[in-house]
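# Chains, contacts and geometry: an overview
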Amino acid sequence: MQVFNRVEYLAFLLGITLNTAIASPIAVILCQSKRRVVYRRRNLQRSKHDSELRMVACVHNCRNVPSIITLLETSNPTKQSPIFLYVLQLIELVGRASSMLIVHDQQSSRNGRFSQQNIAAPHRGQQQTELINASFENYERHSGGVSIQFLTTISLYATMHEDISTIAEDRHAALIVLPFHMAIGVSGELETVNPAIRTINLNVLTKAPCSVAIFVDQGLATTTNFVVEARNLSINVALLFIGGPDDRDALAYTWRMADHPGVNLIVLRFIPGDNITSSVAGTMTQKEFAELAEADRQLDEDFIAEFRLQNSGNESVVYAEQVVSDSEETVGAIRSIKDCDLFVIGRAHGRSSICTVGLEEWSEYTELGVLGDFLISSDSGMDASVLVIQQYTGSGLGSEISTTVPRNYGMQMIEFIQSRKWWKNIFQPNSEENRRTFR
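Residues numbered from 1 in each chain as written. Predicted model: local features only at pLDDT ≥ 70, side-chain atom pairs only at ≥ 80, totals over all residues. Heavy atoms only, no water.

The name given to the chain in an unreviewed UniProt entry is Cation/H(+) antiporter 15, with Rhynchospora pubera as the source organism.

As structure tokens, this is what we get:
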């Protein structure tokens, strides 16, 4: 007995093919979008200063370790506000070997060996990896609020930013810390270590799923026994605040530092001397710009007010405001800060302010922003380390609370299908309407 004729059979096969071709991509995109939506704390402003903080700290060699540990201790890890640190060593892939991501077994690492389950083959710099891991493990044992996991990625410099972003996404990190591509040389001046590191940093700033910090170390850790030094920390930190999402993230980070008994914090806020505050790069109408600028100003005011209220009784925190009308007055105010060990600033990417007009023309390293570039230049007269933070703002400029993925054709298709009634009937049987239908 014939169940299907040829036409019906072809129609049946065509239906299965179309169903698979349409449903499979939608399922993949839907799973990815759900993954992004669940992960909400993508920047420091949304991560409260007295709650846990997840960080990815990238290191290229042992030279990066002392300053990163000192920065970690400055971030005030405690049992009430712990820091989960993912130390990611970046190693260039050479030859014809395959890329690999190594998740180190901490117990094996403590015993001086690597887990064969995690390492398929010996890699270049394995001894250096052991030294890096041992240093962080030593700090972890002496600290009560830090939990550290060690990873190594071996890949091409051109694609290394993808590994960094994937790890930050998978670990739900709120901050990625990247070493600057220059370091203090024998002459006492900043010298380029590896130009490829700058390319990695720029790519991460563009593609990262969370906030990013570029760390310029100019001697933050000064002794060889940096773990002991970190636990007996005494450091002067200065935050330069002009306004905008990047500066709010920088303030959120120093807010954590303010609770450390060994940290003295100065918050210096620059206030423009006229009605022009800042401009945002992009094409928008005058009305849209005015609304965005006003909303941004209000966010600045609210966050500053909350910070001052919460730290009103903290004698180690000094808040000051400086009215400036041009970059010359801004530079003068910065130079008035004495004995500063670490400057924390926002990158202020895509924004310009009357406070920095003129400095932009001399800016060489865009990843540091205008103020960051000035602070590391010989013209500044400063020798302090600099931490430049860029807040993750999602798909919308200035919308630091947005964590949705950019809209594309696949996402538009999902929104269309979800808006149809038959989608609800098939895929949402537990809705109120369908419960009545199925009874």
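There is more to say, and it comes next.
Regarding its fold elements, the chain presents 14 helices and 15 strands. Burial analysis of the chain (439 residues in total) assigns 47% to the buried set. In the chain, the proportion of contacts linking residues at least 24 apart, taken out of those at least 6 apart, comes to 79%. Carbon and sulfur atoms form 53% of the exposed surface of the chain, whose accessible area is close to 22,500 Å². (Helix = DSSP H or I, 4+ residues; strand = E, 2+ residues; numbered from the N terminus. Buried < 20%, exposed > 50% of the residue type's maximum accessible area, 1.4 Å probe, protein only. Contact = heavy atoms within 4.5 Å. Areas by Shrake-Rupley, 256 points an atom, 1.4 Å probe, with all protein chains shown as cover.)

On to the pairing of strand β9 (residues 235-241). For β9, the tally of buried residues reaches six of seven residues, placing the bulk of the element in the interior. Each parallel crossover has a hand, and the one from β9 via helix α8 (residues 245-258) to strand β10 (residues 263-272) is right-handed. Inspection of the sheet shows β9 paired to strand β13 (residues 342-346) by four bridges, in the parallel sense. Bridging across to β13, L240 finds its partner in I345. (Right-handed = clockwise from strand over helix to strand, strands pointing away. Pairing = 2+ DSSP bridges.)

A few words on the pattern of salt bridges. Scanning the entire structure with this criterion turns up eight salt bridges. Two residues, E169 and R42, come together in a salt bridge whose shortest N-O distance is 3.3 Å. Here E169 is found in helix α5 (residues 160-170), whereas its partner R42 is found in the loop between α1 (6-38) and β1 (53-59), with 127 residues between them in sequence. The salt bridge involving R248 is made with D300; its shortest N-O contact spans 2.5 Å. Remark: D300 occurs in helix α9 (residues 286-310) and R248 occurs in helix α8; sequence separation between them is 52 residues. Accessibility assignment for this pair places R248 and D300 in one class, buried. One network of salt bridges, in which partners are shared, links R248, D296 and D300. (Salt bridge = Lys/Arg side-chain N within 4 Å of Asp/Glu carboxyl O.)

Take the confidence of the model for the chain next. On average, the chain scores 80 in pLDDT, and the residues at 70 or more come to 73%. Note on residues 108-122: pLDDT under 50 across the span, and 21 contacts to partners over four residues away in sequence or across chains. Low pLDDT, under 50, characterises residues 395-439; the stretch is placed with 58 contacts to residues that sit more than four places away or in other chains. (pLDDT = per-residue confidence, 0-100.)

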